[in-house]
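Structural features, examined
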Amino acid sequence: MASAPTSKYNSHSLENESIKRTSRDGVNWDLSEAVPRLPGETRVADKEVIYICPFNGPIKGRVYITNYRLYLRSLETPIFAFLNEEKFNVDGWLVYNPVEEYRRQGLPNHHWRITFINKCYELCDTYPSLLVVPYRASDEDLRRVATFRSRNRIPVLSWIHPENKTVIVRCSQPLVGMSGKRNKDDEKYLDVIRETNRQISKLTIYDARPNVNAVANKATGGGYESDDAYHNAELFFLDIHNIHVMRESLKKVKDIVYPNVEESHWLSSLESTHWLEHIKLVLTGAIQVADKVSSGKSSVLVHCSDGWDRTAQLTSLAMLMLDSFYRSIEGFEILVQKEWISFGHKFASRIGHGDKNHADADRSPIFLQFIDCVWQMSKQFPTAFEFNEQFLITILDHLYSCRFGTFLYNCESARERQKVTERTVSLWSLINSNKDKFKNPFYTKEINRVLYPVASMRHLELWVNYYIRWNPRIKQQQPNPVEQRYLELLALRDEYIKRLEELQLANSAKLSDPSTSPSSPSQMMPHVQTHF
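Residues numbered from 1 in each chain as written. Predicted model: local features only at pLDDT ≥ 70, side-chain atom pairs only at ≥ 80, totals over all residues. Heavy atoms only, no water.

**Thoughts on the packing of aromatic side chains**
What counts is decided by this rule: Centre distance within 6.5 Å is the pairing criterion for rings of Phe, Tyr and Trp, where only the six-membered ring of Trp is used; planes under 30 degrees apart are then read as stacked, over 60 as edge-to-face, and the remainder as tilted. Helix and strand assignments follow DSSP, with helices taken as H or I runs no shorter than four residues and strands as E runs no shorter than two, numbered in order from the N terminus. Note on classification: 1.4 Å probe, protein chains only; a residue is buried when its accessible area is under 20% of the maximum for its type, exposed when over 50%, partly exposed between these limits. Geometrically, a charge over a ring is one whose NZ (Lys) or CZ (Arg) sits within 6 Å of the ring centre while staying within 35 degrees of the ring normal.
Evaluation of the coordinates by the stated rule reveals 22 aromatic pairs. Between Phe 332 and Phe 387, the ring centres sit 4.9 Å apart and the planes meet at 50 degrees, which makes this aromatic pair tilted. Placement of the pair is Phe 332 in helix H9 (residues 329-342) and Phe 387 in the loop between helix H11 (366-380) and helix H12 (389-401), with a sequence separation of 55 residues. Across this residue pair, the class does not change: Phe 332 and Phe 387 are buried. Site record: aromatic cluster; members linked through ring pairs are Phe 332, Trp 340, Phe 347, Phe 367, Phe 370, Phe 385, Phe 387, Phe 391, Phe 407 and Phe 438. Arg 104 extends its terminal NZ or CZ atom over the ring of Tyr 326, reaching a point 5.1 Å from the ring centre.

This is the structure:
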């Protein structure tokens, strides 16, 4: 049996190394911990180095060399975003201003008001400081309602239809429990929401969970709105599974695409992951929300358990279908900042930034699933979105990279405590400083067009350019030839327009000069030769 080649480096065993280092902020890194390796990946060597980072300068760390890759573990800090000193010509932190966004929607008005009851995050520590609530509900009413909603996440407005004035409201589950508790303040509050649009007789409640899960949550003090307590509401369950099911589904996707693609049984292997089934259920739920609001039949209240995972998926996708503004680059950034970041999706828990416990049960690809749904929509409506596929991939890459502060921590209050906007750079600074790279050349701006994607397994597909792009046996996808040719034609058009303007200026100068005035009208028309 041939022995492994000896490295020229002074290597140490990855499994037996017992060196420990302490970072600047007191975090202990145990280097005896084996570097996570892929099937078939073997260690060659490891060595302590100083890496010249293009963003932050020299960083001390240990590089682990395998037969497949280089793996650098920094000894300096677990969160790179706080060291990143990149400079951009735009400030991405200024993209989202909640007052301006609600004003764009025509708020406040006679039925909805802006409240600062949560200014110091005393009402709900996972909600933003600024909330939009019914005009008839006092701040004291909101405090009483908060006691009956999980994590104090009361029903608040996300979006209002510009014409029929129906709304999308989001919250968490009611604390009904096994005894079937009721809260008159909560019941009255939902009735007030319904009455903000006097044309509707029922408020539609979409519970993102499967019915059996919602019933099971009663055992832990949660539950759902019963017909007996909420007479003017209709409740529908959307059968979207929880974070644990989604995590296991993505693991199965990873197993069939990396490091080897299962070619012989590809379709059955993909089906066994159930990933596209989950995408279908999320899209189907969002379509129901969008259709109910667009038709003017009813205002909609959306919740799951705590209102920060499936709820964010449904509200943001429905708003993307209903409001063409969110399909622009800036609009999509605002949508993510508003519905995901400010309303407390638990990015730190779901992604695990700076946490080496990869087996944590809180990990789940909820935001990835949302972006996948957006990609599915962009495939079905190729001219409806200003941004391209690279835009979505860039967002996901930096969801995990820790290069920017945009997705750090679980909620707005935690980001304020850590002064994230002062100490880190925003992802939107990178994107908005080079928008042309992320623009869809086929984009056609349309106002008030509602998108209804087909949420059928026949129309959904695995996002190959994202999930399989790092497979060593898959060639990097070339740019779309149709898109490339279209960009070339646009550049040619701009060149001809510029040339025509130059000729028109030259001709105007000649006409204004009496000494060079043409003797006949035919001489006044310049002859321009083009390829067309």
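**Details of the UniProt feature "active site" (unreviewed entry) in the protein**
Put simply, the test is: UniProt positions are given in the numbering used here, feature names are shortened, and annotations may be inferred rather than shown by experiment. Whether two residues are in contact is decided by their heavy atoms: any pair within 4.5 Å suffices.
In the numbering used here, UniProt assigns the "active site" (unreviewed entry) feature to Cys 304. Along the polypeptide, Cys 304 turns up in the loop between strand E12 (300-303) and helix H8 (310-322). Discounting residues that sit within four places of it in the chain, Cys 304 has contacts with Cys 171, Gln 173, Asp 207, Ala 208, Arg 209, Asp 309, Arg 310 and Thr 311.

**Some thoughts on the sheet that holds strand E8 (residues 156-160)**
Counted only if it meets this: Strands were regarded as paired on the criterion that DSSP finds at least two bridges between them. For every element, the axis is a line fit to its C-alpha atoms; helices are fit only across the contacting stretch, and the angle between N-to-C directions ranges from 0 to 180 degrees.
The strand order across the open sheet built from five strands is E8-E9-E12-E10-E11, with neighbouring strands paired in mixed fashion. Strands at the two margins of the open sheet, each flanked by one partner only, are E8 and strand E11 (233-237). For this sheet, the mean angle separating the axes of adjacent strands, direction not counted, is 25 degrees. Two strands pair when backbone bridges link them, and strand E9 (residues 167-170) and E12 are joined in this way by three bridges, in the parallel orientation. Each residue of the ladder has a partner; that of Ile 168, found in E12, is Val 300. Across the sheet, H8 touches E8, E9 and E12, and the angle it forms with E9 is around 165 degrees.

**Details of the nonpolar core**
Applicable threshold: What makes a nonpolar core is a set of buried Ala, Val, Leu, Ile, Met, Phe, Trp, Tyr and Cys residues whose side-chain atoms join them at distances within 4.5 Å.
The biggest cluster of nonpolar side chains holds 81 residues, and the ones touching the most others in it are Phe 332, Phe 367, Phe 370 and Ile 395. The element best represented in this core is helix H7 (residues 275-295), accounting for 10 residues. With residues up to four places along the chain from it excluded, the contact list for Ile 395 reads Phe 332, Phe 367, Ile 371, Phe 407, Leu 427, Trp 428 and Ile 431. Counting residues in hydrophobic clusters, the runner-up holds 34 residues, among them Val 133, Ala 146, Val 169 and Leu 301.

**A closer look at the pairing of E9**
Within a regular beta strand, the side chains point alternately toward one face of the sheet and then the other, so they alternate between its two faces. Side-chain alternation along E9 places Val 167 and Val 169 on one buried face and Ile 168 and Arg 170 on a second face that is also buried. Counting the residues between successive antiparallel strands, the hairpin from E8 to E9 contains six residues, one of them, Lys 165, with a positive phi of roughly 65 degrees.

**Structural notes on the packing of helix H5 (residues 243-257) against helix H6 (residues 266-273)**
The cut-off we apply is this: Note on angle classes: values under 35 degrees are labelled roughly parallel, values over 145 roughly antiparallel, values of 65 to 115 roughly perpendicular, and the remainder oblique. Here is the rule for handedness: rotate from the far helix to the near one, and if that takes an anticlockwise turn smaller than a right angle the crossing is left-handed, while a clockwise turn gives right-handed.
Close contact between H5 and H6 brings their axes to 8 Å; oriented N to C, the two are set at 160 degrees. By the criterion of interaxial angle, the relationship of H5 to H6 is roughly antiparallel. Relative to H6, the crossing made by H5 is right-handed. The residues of H6 that touch H5, namely those facing Ser 249, Lys 252, Val 253, Ile 256 and Val 257, are Trp 266, Ser 269, Leu 270, Ser 272 and Thr 273.

**Structural notes on the side chain of Gln 313**
Counted only if it meets this: Pairing of N or O atoms within 3.5 Å defines a polar contact, subject to two protein rules: one partner must be a possible hydrogen donor and the other a possible acceptor, and residues neighboring in sequence count only if both atoms are side-chain atoms.
As for its placement among the helices and strands, Gln 313 is situated in helix H8. Gln 313 gets classed as buried once you look at its relative accessible area, which sits at 0%. At 3.0 Å, the side chain of Gln 313 and the backbone oxygen of Ile 366 are in polar contact. In this structure Gln 313 touches Val 282, Trp 340, Ile 366, Gln 369 and Phe 370, once residues within four positions along its chain are discounted.

**Observations regarding the sheet that holds strand E3 (residues 43-53)**
With respect to topology, three strands assemble into an open sheet ordered E3-E4-E5, the strand pairing being antiparallel. Bordering the open sheet on either side are E3 and strand E5 (70-74), each of which pairs with just one other strand. Sheet twist, expressed as the mean angle between neighbouring strand axes with direction ignored, is 30 degrees. Note: strand E4 (residues 57-66) against E5, five bridges, orientation antiparallel. Bridging from a neighbouring strand, Val 63 pairs with Leu 72 of E5.

**Here we look at the pattern of salt bridges**
For clarity, the cut-off: Whenever Lys or Arg places a side-chain nitrogen within 4 Å of a carboxyl oxygen from Asp or Glu, that contact is recorded as a salt bridge.
Following the criterion strictly, the structure yields 32 salt bridges and no others. Across the pair Glu 86 and Arg 403 runs a salt bridge, and its minimum N-O distance is 2.6 Å. Taken together, the positions of Glu 86 in the loop between E5 and helix H1 (98-104) and Arg 403 in the loop between H12 and helix H13 (412-417) put the pair 317 residues apart, joining distant regions of the chain. Each member of the pair, Glu 86 together with Arg 403, is buried.

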